[in-house]
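Residues per chain, in single letters:
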Amino acid sequence: MPMPANRGSTGRAEHGLAAALWAVSGVTLLSRLGGLARDVLLVHLFGATAVGSAFATAFAIPNLFRRLFGEGALAAAFIPAYARARAAGQDEAGRLASLTLLALGAVTGGVTVVLELGLLAALWALPTDPQRDLSLRLIMVMLPFMPLICIAATLAGVLQVHGRFGPASSGPLLLNGLIIIVGAYHLATGRAGDARVAYALGGATVLSGLTQTAYFLWLLRGRLGLTRRVGPAAPAARTMLRRFVPVMVGLGTLQLNALLDQVIAMWPIWVGPTVLGRAYPLDEASAAIIAFTQRLYQFPLGVFGIAVATAVFPLLARHQDEPASFAGVLRRGVRLSLFIGLPASAGLWLVRDDLTAVLFSSRSSGFDAQGLARSAAVLGGYAPAVWAYSLNHVLARAFYARGDTLTPTRVALGAMVLNLALNLVLIWPLREAGMAWATSLAATAQCAVLIGMARRRLGVRALDREGARGVARVVLAVAGMSVAVGLVVWAVPASSWGWRAARLAGGVGAGGLAYLALAWACRLPELGWLLAGKPRAAPAPAETP
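Model, not experiment: these values are computed from the prediction. (Residues numbered from 1 in each chain as written. Predicted model: local features only at pLDDT ≥ 70, side-chain atom pairs only at ≥ 80, totals over all residues. Heavy atoms only, no water.)

### Quick look at the packing of aromatic side chains
Following the criterion strictly, the structure yields ten aromatic pairs and no others. Between Trp267 and Tyr280, the ring centres sit 5.9 Å apart and the planes meet at 25°, which makes this aromatic pair stacked. Within this pair, whereas Trp267 is found in helix H12 (residues 267–270), its partner Tyr280 is found in the loop between strand S2 (278–279) and helix H13 (286–318), the two being separated by 13 residues in sequence. Owing to a relative accessible area of 30%, Trp267 belongs among the partly exposed residues under this scheme. The class for Tyr280 is buried, based on a relative accessible area of 13%. Positioned over the ring face of Trp349 is Arg352, at 4.0 Å from the centre of the ring. (Phe/Tyr/Trp six-rings, centres within 6.5 Å; stacked < 30°, edge-to-face > 60°. Helix = DSSP H or I, 4+ residues; strand = E, 2+ residues; numbered from the N terminus. Buried < 20%, exposed > 50% of the residue type's maximum accessible area, 1.4 Å probe, protein only. Lys NZ or Arg CZ within 6 Å of the ring centre and 35° of its normal.)

Structure, rendered in structure tokens:
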């Protein structure tokens, strides 16, 4: 009978989503903790200085490719194609992987060479400026990370299809580990703020790309099937690569907007302190403040938000021709994103002052009082839309799983234009915080449009009636959590770093306990889905023949 079969298929898909989410989130939590430690270390190495801004911007460019390829576009284009090829036979899958690696290596390697030559020409042609020259040279040092991370991301996609979700998400552990080792050494030897430290960290970034590639190749030994006979895979590869560019735009909106923020913030260093004869509202410290503060809202987004999307996509691709299972996986992914993203938004906003003060300041290094106030204002702009950043990744992948790359691309381009317009308006009254609010507003608008388009284009409601009632209960739980956090913030003084740390710990603890208790009291099923979906309860879905 068809209905029981569909219910069973839907149940297996939904359980597989939770199992994959636990695998991805576990490793991602470690990598994000490492990333947070890395960025706190960088703040104490460079502070809100021109060197800090130069390094943050130079690091943002290859890091953009890590996020686009490793967490987004390449996986979204490659995983469905590789899954289909693997279903057709291991030889076909090996040919497609081989051709993809060759093509990406050639293209990204060529782009890297062109960019290196362009930056070298700029250094030669432009008048000497120590701050600008340092920024351009640091970009040149770190650009080779781009082709290396593209190759590593392709290998990570292969691991995901083989059901190795955890190892596939482990690449950032190597990146963070190398930077922390090099940075801690220089901080301990009293070289903080030195431009030579920035160059050493750039070299560590490139080395991490090599180590990630080598590690993934070792994990895939005997499974990858690399070959020189790639001709038969050319049609599938062409289809995949044609989808890649629109997928990159659709999934990379948040990352591209973040890079756009960095470029706007670097105007005082790259161009000068004025624009059209008027004093620019940002200064040489702005890029560092924006870059390091972005990591704070990206922590919950990366651990759970992108993890939900990463786990949901292979399941959506697998069930793309099964309407009931497809809708079930998508709705569960949406509800999990909101269950995690809404309290993250509220919590980050409530503890923004304490969080930036505790992480980014000390008696001897880090941001000064003005830098901390500016950083907290930036976090206050980014925080309200953590749920939207997360949900956009899930919604876009639903379109890609059905082969529709055009719709989310158009929506993403519209969001980028809106973000740019809001940036140019809001930086004047709000300085760096204006760019954060622009990103939040654009992401929320993108989310609303994608939900409407999912119903029209895919024939799927992102939330059915049961889901809408569940989200309403989540909002009630978040409201109760916010009261608990607010009471701690009100009751505990902020007279010193220690008191701020105590207030932050108390607020996070009280808020977390209150949210869990209210989720249980409101009978929110999302909590049960997470607890019931650990990998030990069932194998990852890609291992199923």
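### Structural notes on the side chain of Ser208
Assignment of secondary structure puts Ser208 in helix H9 (residues 195–219). For Ser208, a relative accessible area of 0% corresponds to the buried category. Those residues in contact with Ser208 that sit more than four places away from it in its chain are Phe145, Leu174, Leu175 and Leu178. (Contact = heavy atoms within 4.5 Å.)

### Some words on helix H18 (residues 406–430)
Helix length check: H18 (25 residues) gives 35 Å between terminal C-alpha atoms against 36 Å at 1.5 Å per residue, within 8%. Taken as a whole, H18 carries its principal kink of about 30° at Leu424. Within H18, burial applies to Thr407, Pro408, Thr409, Val411, Ala412, Ala415, Asn419, Asn423, Leu426 and Ile427. Backbone geometry just downstream of H18 places Arg431 in the positive-phi region, at approximately 55°. (Expected span 1.5 Å × (residues − 1). Bend = angle between axes of the 7 residues up to and from the residue.)

### What about the confidence of the model for the protein chain?
Regions with low pLDDT should not have their predicted coordinates read in detail. Taken over all residues, the pLDDT of the protein chain has a mean of 85, while the share at 70 or more is 88%. Note that residues 1–7 has pLDDT below 50 and, in this model, two contacts with residues that lie over four places away or in other chains. Under a pLDDT of 50 for its full length, residues 533–545 has, in the predicted model, 28 contacts with residues more than four places off or in other chains. (pLDDT = per-residue confidence, 0-100.)

### Quick word on the packing of helix H15 (residues 352–360) against helix H21 (residues 497–521)
In contact at an axis separation of 9 Å, H15 and H21 are set at 130° when each is read in the N-to-C sense. Relative to H21, the element H15 is oriented oblique. You can see that H15 and H21 cross each other, and the crossing is left-handed. For the pair H15 and H21, contact is made by Asp353, Asp354, Leu355, Ala357 and Val358 and by Trp497, Arg500, Ala501, Arg503 and Leu504, respectively. (Axes fitted to C-alpha atoms, helices over the stretch in contact; angles between N-to-C directions. Parallel < 35°, antiparallel > 145°, perpendicular 65-115°, else oblique. Left-handed = near helix turned anticlockwise from the far one by under 90°.)

### Some thoughts on the environment of Ser496
Looking at the secondary structure, you find Ser496 in the loop between helix H20 (465–491) and H21. Note: C-alpha distance between Ser496 and Ala357 (139 residues apart in sequence) is 9.8 Å.

### A short note on unusual backbone geometry
Positive phi values are uncommon outside glycine, yet Arg431 reaches one of about 55°. With respect to the helices, strands and loops of the structure, Arg431 is situated in the loop between H18 and helix H19 (432–458). A positive phi angle, close to 55°, is found at Arg523, a residue other than glycine. Relative to the elements of secondary structure, Arg523 occurs in the loop between H21 and helix H22 (525–532).

### Describing the nonpolar core
Ranked by size, the top nonpolar core spans 147 residues in total, and within it Phe46, Phe55, Phe339 and Phe360 carry the most contacts. Per element, the largest residue contribution to this core is 16 residues, and it comes from H13. (Core = buried A, V, L, I, M, F, W, Y, C linked by side-chain atoms within 4.5 Å.)

### Things to note about the pattern of salt bridges
The final tally for this structure, using the stated rule, is eleven salt bridges. We note a salt bridge from Arg335 to Glu526, for which the minimum N-O separation is 3.0 Å. Of the two residues, Arg335 is situated in helix H14 (residues 323–350) and Glu526 in helix H22; the sequence distance between them amounts to 191 residues. Glu526 matches Arg335 in its accessibility class, with the two residues each being buried. Its salt-bridge partner being Arg374, residue Glu432 comes within 2.3 Å of it at the nearest N-O pair. Residue Glu432 is located in helix H19, and its partner Arg374 is located in helix H16 (residues 369–382); the two are separated by 58 residues in the primary sequence. The burial state of Glu432 is the same as that of Arg374; both residues are buried. (Salt bridge = Lys/Arg side-chain N within 4 Å of Asp/Glu carboxyl O.)

### A few points about a positive patch on the surface
Residues Arg455, Arg461, Arg465 and Arg469 make up a contiguous surface patch of positive charge. Here Arg465 shows up in helix H20. (Patch = residues over 30% accessible without salt bridge, like charges linked within 9 Å, V, L, I, M, F, W, Y side chains within 5 Å. Areas by Shrake-Rupley, 256 points an atom, 1.4 Å probe, with all protein chains shown as cover. Lys, Arg positive; Asp, Glu negative; His and termini not counted. Charge placed at Lys NZ, Arg CZ, Asp CG, Glu CD.)

### Some details on the side chain of Ser53
Along the chain, the position of Ser53 falls in helix H2 (residues 50–71). Using a relative accessible area of 0% as the deciding quantity, one classes Ser53 as buried. In this structure the side chain of Ser53 is engaged in a polar contact, spanning 2.6 Å, whose partner is the backbone oxygen of Glu284. (Polar contact = N/O pair within 3.5 Å; in protein donor to acceptor, adjacent residues only side chain to side chain.)

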